[in-house]
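Commentary on secondary and tertiary structure
Take a look at the letters that make up each chain.
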Amino acid sequence: MNTSSNTEAALGASAPLYALYVFFQSSPAIWSLIAVFSSIVSYLFLAGPKIQSSSSKAERAKAMKQAFKAIENRAAAPKNVEVGKASVLIIGCPVSHAVLTREGFYLDRKFMLLKDLEETPRKLQNMHVPAFPSMSLFHTAIEGDTLIVSYRSPGTAHPTGATLEVPLEPSNLESLQKLPINMHSSHTTAYDLGAEPNKWFSDRFGFKVVLAYWGGNPRPVLGNLPGQPANQGRKKKSVVAQTARRIPVLRTLLGDDDDGIIAFNDCAPYLVINERSVADVSTRLPAHMEMDHTKFRANIVVTGSDAAFEEDFWGELTLEGRGEESSTIILTGN
C-alpha cells in the first residue's frame, strides 16, 4: 500500500493544502523548528512565569533584608524624621527605623487574619476591626527577625497568657497551603502559616482563624497611580508585552513593572494622615474626648503642618534619611 500516493490523492482536491504538504515533505528541518518554537512558547507561558516569579521575589526579598540589616547595624535612628517643615512618625508597632519599598514599609502589612467559615468547599472571610472589634485586643512587637503577638483581655493593660512568635519572613513557603485573597476586588495568593498560629488565634477569638502571610505575590493597585489621571487605573498589559517580560533579556531592558503592587494594604502602599487634621476632628467631639489617630490605621503621621486638612493639596511627601539619602512618595489619593 502506497501511503504517500494515497495522501497526495486525498490532498489533490485542495491545491493550497497539497502545496503545503509538499513543502513540509521537502523541508524536514521545518518540523524541527516548529518543535523548538513550541517548546519555547510552552516554557514562557507555563514554566517561565513560575521561575520568573520565584526568582524576582527571592531577589527583592534578599535586597530588602540586606538593606534593613544595614540600617540595623548603624546607630539607632530617631523615630522622628525631619521632612521640610514637618516630621514623620511611624505609628503602630514601635520601630526605630524602617525601609521604604514600593509595596509599603518593609515587613509592614504582610500578615492577615481570616475567619474560616467551615464550609465545603473551604471559604475564608477577611477579618477587619470594624467587623471583628476583638482584633483590637491583640498587640504586636518586633524582636530581631520575629513578630511577637500578645493578647490582652478586656480591661487589662498587660498580656494575658502565652504570646505567639512568628518569623517575620517564613522560609518554608513552598510547603505551605496557598490561599486565594480578595481585598477590595484586588486579588493575590497568600500562604496559610499552619496549625500552631491558627490554633493560638482561634482559641482567643472563639472560632476558627487562619493566619496568612503575603509571601511577595503581586496584588495590583486598582486606585489612582502616580503619573496617571485620577480616573485612570492600572492598564492591562497586552499579550505581547506579557510575553516579552517573561524573557530574561527583554525583561531587563524593559525594567521593573512593580510600581502598582501592594501587599495587604487597603488600596495603596502608604496611608498618610496629618496630626493637625486629627486634632481638628477632636474639636468636633463631645468634651473630654479626643480622636485617636490610630483608628485611621495610617502608617505615616505627619506633624508640624501649618493647617488642618492642608494635606488635601499636597502633591508629594519627602522623607529624609541619614546623610544625603531621601525618598519621595507621590500622593495620589488626596
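As shown above, the structure is provided for reference.
Since this is a predicted model, take the numbers as computed values, not measurements.

**Overview of the overall build of the protein chain**
Helix and strand counts for the protein chain come out as seven helices and 18 strands. Considering the protein chain as a whole, with its 334 residues, one finds that 30% of them fall into the buried category. Of the contacts made within the protein chain by residues no fewer than 6 positions apart, 58% connect residues no fewer than 24 positions apart. For the protein chain, the computed accessible surface area is about 20,500 Å², with 58% contributed by carbon and sulfur atoms.

**Side note on helix 4 (residues 195-205)**
All buried positions along helix 4 are accounted for by Pro197, Asn198, Trp200, Phe201, Ser202 and Phe205. The secondary structure elements touched by the buried residues of helix 4 are strand 5 (111-116), strand 7 (138-143), strand 8 (146-151), strand 9 (164-167), strand 11 (186-192) and strand 12 (209-213). Gly206 sits one or two residues past helix 4 and shows a positive phi near 90°.

**Regarding unusual backbone geometry**
Following Thr120, the chain continues into Pro121 via a peptide bond in cis, with omega recorded as 0°. Not every positive phi belongs to a glycine, and Glu118 is a case in point at roughly 55°. Among the secondary structure elements, Glu118 is positioned in the loop between strand 5 and strand 6 (124-126). Glu118 gets classed as exposed once you look at its relative accessible area, which sits at 58%. Phi is positive for His288, which is not a glycine, with a value near 70°.

**Concerning the pairing of strand 5**
Judged by how many residues are buried, strand 5 sits mostly within the fold: five of six residues are covered. Bridging between strand 5 and strand 12 involves five bridges; their strand directions are antiparallel. Bridged to Phe111 within strand 12 is Tyr213. Pairing between strand 5 and strand 6: three bridges, direction antiparallel. Of the residues in strand 6, the one forming a bridge with Asp116 is Leu124.

**Observations regarding the side chain of Arg109**
Structurally, Arg109 is set in the loop between strand 4 (104-105) and strand 5. Overall, the relative accessible area of 18% leaves Arg109 in the buried class. Within polar-contact distance, the side chain of Arg109 engages the side chain of Asp108 at 3.4 Å. Setting aside anything within four residues of it in sequence, one finds Arg109 in contact with Ala263, Phe264, Asn265, Arg297, Ala298 and Asn299.

**A look at the pattern of salt bridges**
As enumerated under the stated definition, the model contains six salt bridges in all. For Arg122, the salt bridge is made with Asp116, and the minimal N-O distance between the two is 3.6 Å. When the shortest N-O distance is used, the salt bridge between Asp280 and Arg284 registers 2.7 Å. A residue is classified by how much of its surface remains accessible, and Arg284, at 61% relative accessible area, is exposed. A cluster of three or more residues bridged by salt bridges with shared partners is formed by Asp116, Arg122, Asp192 and Lys208.

**Comments concerning the sheet that holds strand 8**
Sheets are built from strands paired through backbone hydrogen bonds, the pairs being either parallel or antiparallel. The strand order across the open sheet built from three strands is 7-8-9, with neighbouring strands paired in antiparallel fashion. Only two strands of the sheet have a single neighbouring strand rather than two, namely strand 7 and strand 9. Strand after strand, the sheet turns through a mean of 25° between neighbouring axes, direction not considered. Sheet topology places strand 7 next to strand 8; six bridges connect them, and they run antiparallel. When the sheet's bridge partners are listed, Ile142 is paired in strand 8 with Leu147. Against the sheet, helix 4 makes contact with strand 7, strand 8 and strand 9, and its axis sits at roughly 20° relative to strand 8, the strand it touches most.

**Observations concerning the sheet that holds strand 12**
Taking strand neighbours across the sheet as the criterion, the five strands line up as 6-5-12-11-10 in an open arrangement whose pairing is antiparallel. Whereas interior strands pair on both sides, the edge strands pair on one side only; in this sheet they are strand 6 and strand 10 (178-183). Looking at each pair of strands side by side, their axes are set apart by 45° on average, direction ignored. Packed onto the sheet, helix 4 meets strand 5, strand 11 and strand 12 and runs at close to 135° relative to strand 12.

**Remarks on the pairing of strand 12**
Strand 12 sits mainly inside the fold: five of its five residues count as buried. Along strand 12, one buried face is formed by Val209, Leu211 and Tyr213 and the opposite face, lined by Val210 and Ala212, is buried too. The pairing of strand 11 with strand 12 spans two bridges and is antiparallel. Counterpart to Tyr191 in the pairing with strand 12 is Tyr213.

Rules behind the numbers
- Residues numbered from 1 in each chain as written.
- Predicted model: local features only at pLDDT ≥ 70, side-chain atom pairs only at ≥ 80, totals over all residues.
- Heavy atoms only, no water.
- Helix = DSSP H or I, 4+ residues; strand = E, 2+ residues; numbered from the N terminus.
- Buried < 20%, exposed > 50% of the residue type's maximum accessible area, 1.4 Å probe, protein only.
- Contact = heavy atoms within 4.5 Å.
- Areas by Shrake-Rupley, 256 points an atom, 1.4 Å probe, with all protein chains shown as cover.
- Pairing = 2+ DSSP bridges.
- Polar contact = N/O pair within 3.5 Å; in protein donor to acceptor, adjacent residues only side chain to side chain.
- Salt bridge = Lys/Arg side-chain N within 4 Å of Asp/Glu carboxyl O.
- Axes fitted to C-alpha atoms, helices over the stretch in contact; angles between N-to-C directions.

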